[in-house]
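# Results of the structural survey
This is what each chain is made of:
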Number of protein chains: 2
Amino acid sequence: MAEVVRNKRVVLRNYVTGFPKESDMEIVEGTITLKVPEGSKEVLLKNLYLSCDPFMRNLMNKPQGTETSSGLNYTSGSAIGGFGVSKVIDSGSPDYKYGDLVWGLTKWEEYSLVPSSQIISKIQHTDGVPLSYYTGILGMPGVTAYAGLFEVGSLQKGERVFVSAASGAVDLLKNKFGFDEGFNYKEEPDLNAALKRYFPEGIDVYFENVGGKTLDAVLLNMRVQGRIPACGMISQYNLTQPEGVTNLANIVYKKIRMQGFHFFDYVNLYPKFLEFVLSHLKEGKIVYVEDIAEGLENGPAALVGLFSGRNFGKQVLLVAPE
Amino acid sequence: MAEVVRNKRVVLRNYVTGFPKESDMEIVEGTITLKVPEGSKEVLLKNLYLSCDPFMRNLMNKPQGTETSSGLNYTSGSAIGGFGVSKVIDSGSPDYKYGDLVWGLTKWEEYSLVPSSQIISKIQHTDGVPLSYYTGILGMPGVTAYAGLFEVGSLQKGERVFVSAASGAVDLLKNKFGFDEGFNYKEEPDLNAALKRYFPEGIDVYFENVGGKTLDAVLLNMRVQGRIPACGMISQYNLTQPEGVTNLANIVYKKIRMQGFHFFDYVNLYPKFLEFVLSHLKEGKIVYVEDIAEGLENGPAALVGLFSGRNFGKQVLLVAPE
């Protein structure tokens, strides 16, 4: 007979407007049967690491009914979801079996029953690579960075790249991550002047995470035929009235290509991506830093902290050790 | 000995801020020797038709010294320039000879001495095709539309297209040009609602000529993976403070590609384009309307009229009959 166990969840209490607060979520305890229902093709996961990602803010909005979105929006009163690393406990799918380590879309709870289509990949490379990396550099954010720079952004050797929301202390960016330069936008009263200082010859590729005033200043500093891969506009998510961007005519003048993209359209790159990044990690050419919070109880604070820049490095939530 | 003749010119009197006025230009009479100077490789043109195009407004701005632009900006006190159809009177270039009809960049004057590199093409097809068409449908605007829709916009059969600044009366657009629908933005208090009415399933390709509020409303009505080829933002050219565009996050949500482009990067398409458009014109599948003003004296009014929508059809200035 199948074991029934406690299942703690992070639940959305209210739809969010403006900045999310810890109190918009709550911890709820329920139970779960550790077995996939008879005839179901779903997979039962034990969640190990959960990823805190800015896109989750959008899913906290009250659905408008007019979205062309993924339909992933959270429902008030049920567990929030996102990317995570999990262990398969039971499987109705022939592709997965007990003990498999996987990453993909799961829920913010101890155990989740999910369609197998939500699993993005089995995790094969664990020698010397922390499992938590599959929430970040080896997971969705890593593929997004890779696809954005090389596929959408057509980055060429020698080009000048600006990444907004690099999310780290400036000395960390320069001394540890190997960026040529970095600055804290909060300390720059004139973003246009800051960009002119750091990019006297202009920017070829702007990896857009921010939108609003940052985008406006960047547009003034793009080079002809520059590219702007855009996978997020974090500065706008918490605003009821988004900031107006006034310098868009530069897209025409400078023949700029700005392109929105989603991780899911580039999942097919994963094997090629993984080979590329694992070798760079092993050679020390990519340095990676995590900020790990522990326990579902600390999930809401970790998630909310993204929007005030509280984390240094990738914000992860440890739910259970392997 | 070479003939010296009168040469009337349209000269920029002052750099322009805001809407251009007729009085920002003046007609000046000078003379010109109808012979290319000894040793020069330039070409002497008799200008027949000049094209009134919105981009010319940008060239009337006082140069800021920081432009990454073409360097074409007009100089206060000298003749303005643009696209035109001309006859070769004398040539220092082996590629052109007396009597050739050509189109390309020339000056707003009776005769112009220009580098041969400013000529874009000799005109071969004059049977049944008015020469003035090479300022419009068979010239720069035609290539721009073709490149924008098919190359930059990747237009596919069956997709939904919105063109702003189609510049004609609505009944002209529908009954003569064969558009499915058309509306006058000045009569629509809510552009978003107008677009929802005409595009209940959303827009695949938005041919961007306007920017500002129109772009903002379009972004709300684009379909997933829509494209926005952008070759102008006429609504912004006369503003000292451009309008803010607030709905750019849709570029991310809907994976939209917005791409600025210039005609000059697509000149190599010209032979293919010409074959395509000439056959469509002959079969009556493309209908074309011109609004022809006569005489250089009427040039300033014709050009200024573009910005208040005074013209119906392509605004051309007849300088001299062939």
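These numbers come from a predicted model, not from an experiment.

## Some words on the overall build of chain A
On a plain count of helices and strands, chain A comes out with nine helices and 13 strands. For a compact globule of 322 residues, the expected C-alpha radius of gyration is about 20 Å, and chain A comes in at 21 Å, within 12% of that figure. The principal-axis extents of the C-alpha atoms in chain A amount to approximately 70 × 45 × 35 Å. Summing over all exposed atoms, chain A offers an accessible surface of approximately 14900 Å²; the carbon and sulfur share of this is 50%. Measuring between centres, the 32 positive side-chain charges of chain A sit 3 Å from its 36 negative side-chain charges.

## Quick look at the interface of chain B and chain A
With 30 residues of chain B at the interface, the matching set in chain A holds 30 residues. Interface area for chain B against chain A, summed over the two sides, is near 2500 Å², with a carbon-plus-sulfur share of 62%. The interface formed by chain B and chain A contains two salt bridges. In this structure, the salt-bridge partner of K255(B) is D265(A), at a minimum N-O distance of 2.6 Å. Counting every contact that joins chain B to chain A gives eleven residue pairs in polar contact (both at pLDDT 80 or more). Of all the secondary structure elements, the ones that give two or more residues to the side of chain B that touches chain A are β10 (222-230), α6 (249-253) and β11 (257-260) of chain B. Taken together, the residues of the side of chain B that touches chain A break down into 16 nonpolar, nine polar and five charged. Where strand β11 (residues 257-260) of chain A meets β11(B), three bridges bridge the pair, whose relative direction is antiparallel. Considered in β11(B), the bridge of Q259(A) is made with R257(B).

## A short note on the sheet that holds strand β10 (residues 222-230) of chain A
Within a sheet, adjacent strands bond to each other through the backbone by hydrogen bonds, running parallel or antiparallel. Spatially, the eight strands line up as an open sheet ordered β8(A)-β9(A)-β10(A)-β11(A)-β11(B)-β10(B)-β9(B)-β8(B), and their pairing is mixed. The sheet is open, and its two borders are formed by β8 (161-163) of chain A together with β8 (161-163) of chain B, each paired with just one other strand. If you compare each strand with its neighbour and ignore which way they point, the axes differ by 10° on average. Against the sheet, helix α2 (residues 140-152) of chain A engages β8, β9 (203-207), β10 and β11 of chain A, with an angle of about 150° to β9(A).

## Some remarks on the relation of the copies chain B and chain A
Once chain B has been moved 0.0 Å along the axis and rotated by 180°, it coincides with chain A to within an RMSD of 0.0 Å. Seen this way, the second copy is the image of the first under a two-fold rotation axis. Within chain B, the C-alpha atom positioned nearest to the axis of rotation is that of G244(B), 1.9 Å from it.

## Things to note about the domain arrangement of chain A
All names here are of chain A. On domain assignment, one finds that chain A holds domain 1 (4-137 + 288-318) and domain 2 (141-264). One C-alpha centre belongs to domain 1, the other to domain 2; they are set 28 Å apart. Facing the 23 residues of domain 1 at the interface are 14 residues of domain 2. Summed over both partners, the interface of domain 1 with domain 2 comes to about 1300 Å²; 69% of that surface belongs to carbon and sulfur atoms. Of all residues in domain 1, N58, V289 and F312 give up the largest surface area on contact with domain 2, accounting jointly for 26% of the area buried on that side. Put simply, domain 1 and domain 2 have zero salt bridges between them. The tally of links between domain 1 and domain 2 comes to one residue pair in polar contact (both at pLDDT 80 or more).

## Considering helix α1 (residues 140-152) of chain B
Residues and elements named next belong to chain B. A rise of 1.5 Å per residue sets the reference length of α1, with its 13 residues, at 18 Å; its end C-alpha atoms lie only 16 Å apart and thus fall more than 12% short of the reference. Those residues of α1 not exposed but buried are M140, G142, V143, T144, Y146, A147, G148, L149 and V152. One or two residues past the end of α1 sits S154, with phi positive at roughly 45°.

## Quick look at the packing of aromatic side chains
With the rule as written, the count across this model stands at 38 aromatic pairs over all chains. Pairing F55(A) with F83(A) gives two aromatic rings, centres 5.9 Å apart and planes at 70°, and the pair type is edge-to-face. Placement of F55(A) in the loop between β3 (43-51) and α1 (56-59) and of F83(A) in strand β4 (residues 81-91) is noted, with a sequence separation of 28 residues between them. Residue classification places F83(A) among the buried positions, given a relative accessible area of 4%. Here F83(B) and F263(B) contribute two aromatic rings whose centre-to-centre distance is 5.5 Å and whose plane-to-plane angle is 90°, an arrangement assigned as edge-to-face. Here the residue F83(B) occupies a position in strand β4 (residues 81-91), and F263(B) occupies one in the loop between β11 and α7 (270-282), the gap between them amounting to 180 residues. Here the aromatic cluster, defined as three or more aromatic residues joined through ring pairs, consists of F55(A), F83(A), W103(A), Y146(A), F150(A), F263(A), F264(A), Y270(A), F273(A) and F276(A).

## Digging into the pattern of salt bridges
Enumeration according to the criterion identifies 38 salt bridges over all chains in this entry. A salt bridge links R160(A) to D204(A), with the shortest nitrogen-to-oxygen separation between them at 3.0 Å. Of this pair, R160(A) sits in the loop between α2 and β8 while D204(A) sits in strand β9, placing them 44 residues apart in sequence. Overall, R160(A) belongs to the partly exposed group, its relative accessible area being 25%. Under the relative-accessibility criterion, D204(A) is labelled buried at 6%. Among the salt bridges present, the one from E243(B) reaches K213(B), with a minimum N-O distance of 2.9 Å. A residue pair is termed long-range when its members are at least 10 positions apart, and E243(B) in the loop between α5 (234-237) and α6 and K213(B) in helix α4 (residues 212-221) qualify at 30 residues. Of the residues examined, E243(B) reaches a relative accessible area of 25% and is grouped as partly exposed. You can call K213(B) exposed: its relative accessible area is 58%.

Basis of the calculations
Residues numbered from 1 in each chain as written. Chains lettered and ligands numbered in written order. Predicted model: local features only at pLDDT ≥ 70, side-chain atom pairs only at ≥ 80, totals over all residues. Heavy atoms only, no water. Helix = DSSP H or I, 4+ residues; strand = E, 2+ residues; numbered from the N terminus. Rg over C-alpha atoms; globule rule 2.2 N^0.38 Å. Areas by Shrake-Rupley, 256 points an atom, 1.4 Å probe, with all protein chains shown as cover. Lys, Arg positive; Asp, Glu negative; His and termini not counted. Charge placed at Lys NZ, Arg CZ, Asp CG, Glu CD. Contact = heavy atoms within 4.5 Å. Buried area = accessible area lost by both parts, 1.4 Å probe. Salt bridge = Lys/Arg side-chain N within 4 Å of Asp/Glu carboxyl O. Polar contact = N/O pair within 3.5 Å; in protein donor to acceptor, adjacent residues only side chain to side chain. Nonpolar A, V, L, I, M, F, W, Y, C, P; charged D, E, K, R; others polar. Pairing = 2+ DSSP bridges. Axes fitted to C-alpha atoms, helices over the stretch in contact; angles between N-to-C directions. Least-squares fit on C-alpha atoms with pLDDT ≥ 70 in both. Domains from an automatic or database assignment. Expected span 1.5 Å × (residues − 1). Buried < 20%, exposed > 50% of the residue type's maximum accessible area, 1.4 Å probe, protein only. Phe/Tyr/Trp six-rings, centres within 6.5 Å; stacked < 30°, edge-to-face > 60°.

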